[in-house]
Amino acid sequence: MVIHKKTAKRGEAGDAVPATGARALMKFIIGQGVDLVFGYPGGAIMPVYDALYFFRDKIRHIQVRHEQGAVHAAQGYARVTGRTGVCFVTSGPGATNIVTGIADAKADSTPVVVISGQVPSAMLGNEAFQETDIISITKPIAKWNFQVTRPEEIPGAIAEGFRIARSGRPGPVLIDITKDAQSGSFRFENKFFDRSPKINYSSLVDPLQVEEAVRLINLSVKPMFLVGQGVRLARAEKALLGFIEKTGIPAAETLLGLSTLPSNHPLNVGLVGMHGNYGPNVKTNECDLIIAAGMRFDDRVTSDVSSYAKKAKIVHLEIEPSQINKRVYADAPVLGDIKDSLPILTSMVHENDHSEWLEEFRACYRLEYERVIEKEVFPAEGPVTMGEVVRHVSSSFTEDAVMVTDVGQHQMIAWRYFGFRKPGSVVTSGGLGTMGFGLPAAIGAKIGKPCRPVVLFAGDGGFQMTLQELATLSQYKVPVKMVLINNNFLGMVRQWQEMFYEKRYSSTLMSNPDFQSIAPGYGIPSEKVVCRSELDGAVKRMAESSGPYLLEVAVEKEQNVFPMVPPGGSVEDIRLE
């Protein structure tokens, strides 16, 4: 990858002035619109933190308690704001601690720029104290990475890094800067122009591809639209509504596509995937057309790909060429940005009414309600269920609430029963399934959107993986409402052990701490619910609190999440119990 730089010359836009690499770094990330950084200081990045001191009126720094938390917080920030999240970390263990977050951001197409300190360039490869080859480590999981060894490389690296993180299918970038490049001086221009080549994605939309897609759409009798995160990333929610309302095509959402459509929209038929709704899963193999937008046919959506949608033609709207035909053959691929391609399709397709086909999805929902939802969300007796917790919480917050989840059974239940009204209301770990993601991501989401309520659902397993970020929550008084769903199990693993391993519960029973002692230790109010009669009042007290709040709910220990497509099965094998 070529770093595009402009040589500093007096008399051009901004005279060249001397500065350290670290101070230049601050100026150039401010020039990229950055006003917030998550991070953790250390020896190899100390010159950057020293420069940060002089720019503290322009860049707010959130000191997390673990570097993994910095990346997840930056992800949460990026997901709700549409901006690029930024992290500062030091070398060695500081850098290796960010690996999980970078991999998660890559899997979920989240624009994050991580700036890591590195040992002086003369010591590279000499096993210096806290030296790790973070470039080689992150090459397979970052969208792009680059090591800066001279201060004059900083402007080009920053411009290129932010461009790559944001463009096309977004993703994480790592820029590793040696300590001598941070402290060394060079002459730079106050105004730096990025001359990196830009891609005009609207020019990628091929009229012939569009014509074939339109032909298939107009001929279809049983079509379904699959809404992926790419629609949200393109800010094409209105274009999506225009398309489905003109054509009358039922629309289902992937996990990361959730909240692109309002949950109560009449054409929204629910969630696809292993723990998605019954209708859109079982009807996949009855479709004659699938229009997939901004999604990559993940294995949790298709399950056994050899038996997936065998009757359907595929129209695939996608910005990343490598995703076309990667897992599922596209009869009509439409390459380009969805905000460009979808309005073109809408202008060309016929108005239609698929009400008879839509009624088949509604019949499936009625069956799912009778067999699963009613018992899960409105139980008449027995222990508190995860579904009724989510229902109570969802009804207690305003329509602009952002739901953040960790990973596990609670995650599946929260997706199913939290009512989404506005776009960009879900922050979760999808492709990598990172336990521990939730708490730091909720901090980043709330800082990014301070006027929107942020509710975190976490399980007792994942919550303990990044529990130390309660200190960050407390220090910066971030008013995240935390709902800890505690079943004293690694619930999802236990469910698989019950269903597929003859109830051999190996290493899934949790001996948990007293969370009601831990939260007050950080100065955070908390409450525990053990009975159904306590739930409504406790949720209201949490919702009305002004600061961070932990609500722990003891739920049924061996509750399973249904529907479920058995691993390795076909989508039509989905089980309701």
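The structure displayed is predicted, hence computed values, not measured ones.

Draft legend 1. A look at the overall build of the protein chain. A count of helices and strands for the protein chain gives 23 helices and 20 strands. Here the C-alpha radius of gyration of the protein chain, 25 Å, is about what a compact globule of 577 residues would show, namely 25 Å. Projected onto the principal axes, the alpha-carbon positions of the protein chain cover approximately 70 × 65 × 40 Å. Classification of the 577 residues of the protein chain by burial places 59% in the buried group. A separation of at least 24 residues holds for 77% of the contacts in the protein chain among residues at least 6 apart in sequence. Taken together, the 61 basic and 63 acidic charged side chains of the protein chain have centroids lying 6 Å from each other.

Draft legend 2. Up close: helix α23 (residues 532-544). Among the residues of α23, Leu535, Ala538, Val539 and Met542 are the ones counted as buried. Taken down its axis, α23 places every buried residue within 105 degrees of arc, on the same side. Within α23, the exposed residues directed more than 90 degrees away from the buried face are Ser533 and Glu544. Looking at the buried positions of α23, the neighbouring elements they touch are α16 (386-395), β18 (481-486), β19 (526-529) and β20 (549-554).

Draft legend 3. Molecular detail of unusual backbone geometry. Going from Phe562 to Pro563, the amide bond is cis rather than trans, its omega being 0 degrees. With respect to the helices, strands and loops of the structure, Pro563 is situated in the segment after β20. Positive phi, normally seen in glycine, also occurs at Arg235, with a value near 55 degrees. The backbone of Lys477 shows a phi angle near 50 degrees, a positive value even though the residue is not glycine. Inspection of the secondary structure puts Lys477 in the loop between α20 (470-475) and β18.

Draft legend 4. Structural detail: the sheet that holds β19. Within the open sheet, the six strands sit side by side as β16-β15-β17-β18-β20-β19. Their pairing is parallel. Of all the strands in the sheet, just β16 (426-427) and β19 have a single pairing partner and so form its edges. Where strand β15 (residues 402-405) and strand β17 (residues 454-459) come together, four bridges link them in parallel fashion. Bridge assignment links Met403 to a residue of β17, and that residue is Val455. Against the sheet, helix α17 (residues 409-417) contacts β15, β17 and β18, and its axis sits at roughly 160 degrees relative to β15.

Draft legend 5. Highlighting the packing of aromatic side chains. Per the stated rule, a full pass over the model turns up 13 aromatic pairs. Look at Phe297 and Tyr308: their rings are 6.1 Å apart centre to centre, the planes differ by 75 degrees, and that puts the pair in the edge-to-face class. Of this pair, Phe297 sits in the loop between β12 (289-293) and α13 (299-302) while Tyr308 sits in the loop between α13 and β13 (313-318), and the two are 11 residues apart along the sequence. With respect to class, Phe297 is no different from Tyr308; both count as buried. The structure contains a cluster of three or more aromatic residues connected by ring pairs, namely Phe418, Phe420 and Phe457. Here the basic side chain of Arg56 rests over the ring of Tyr53, its NZ or CZ set 4.0 Å away from the ring centre. For the cation-ring pair, Arg494 lies above Phe489, with the distance from its terminal atom to the ring centre recorded as 5.8 Å.

Draft legend 6. The confidence of the model for the protein chain, seen in detail. Of all residues in the protein chain, 95% have pLDDT values of 70 or greater, and the mean over the chain is 93. Note on residues 1-15: pLDDT is under 50 here. Beyond four places in sequence and across chains, it has 44 contacts.

Draft legend 7. Molecular detail of the environment of Glu544. Along the polypeptide, Glu544 turns up in helix α23. Separated by 448 residues in the primary sequence, Glu544 and Thr96 place their C-alpha atoms 40 Å from one another.

About the cut-offs
- Residues numbered from 1 in each chain as written.
- Predicted model: local features only at pLDDT ≥ 70, side-chain atom pairs only at ≥ 80, totals over all residues.
- Heavy atoms only, no water.
- Helix = DSSP H or I, 4+ residues; strand = E, 2+ residues; numbered from the N terminus.
- Rg over C-alpha atoms; globule rule 2.2 N^0.38 Å.
- Buried < 20%, exposed > 50% of the residue type's maximum accessible area, 1.4 Å probe, protein only.
- Contact = heavy atoms within 4.5 Å.
- Lys, Arg positive; Asp, Glu negative; His and termini not counted.
- Charge placed at Lys NZ, Arg CZ, Asp CG, Glu CD.
- Arc of directions from axis to C-beta.
- Pairing = 2+ DSSP bridges.
- Axes fitted to C-alpha atoms, helices over the stretch in contact; angles between N-to-C directions.
- Phe/Tyr/Trp six-rings, centres within 6.5 Å; stacked < 30°, edge-to-face > 60°.
- Lys NZ or Arg CZ within 6 Å of the ring centre and 35° of its normal.
- pLDDT = per-residue confidence, 0-100.

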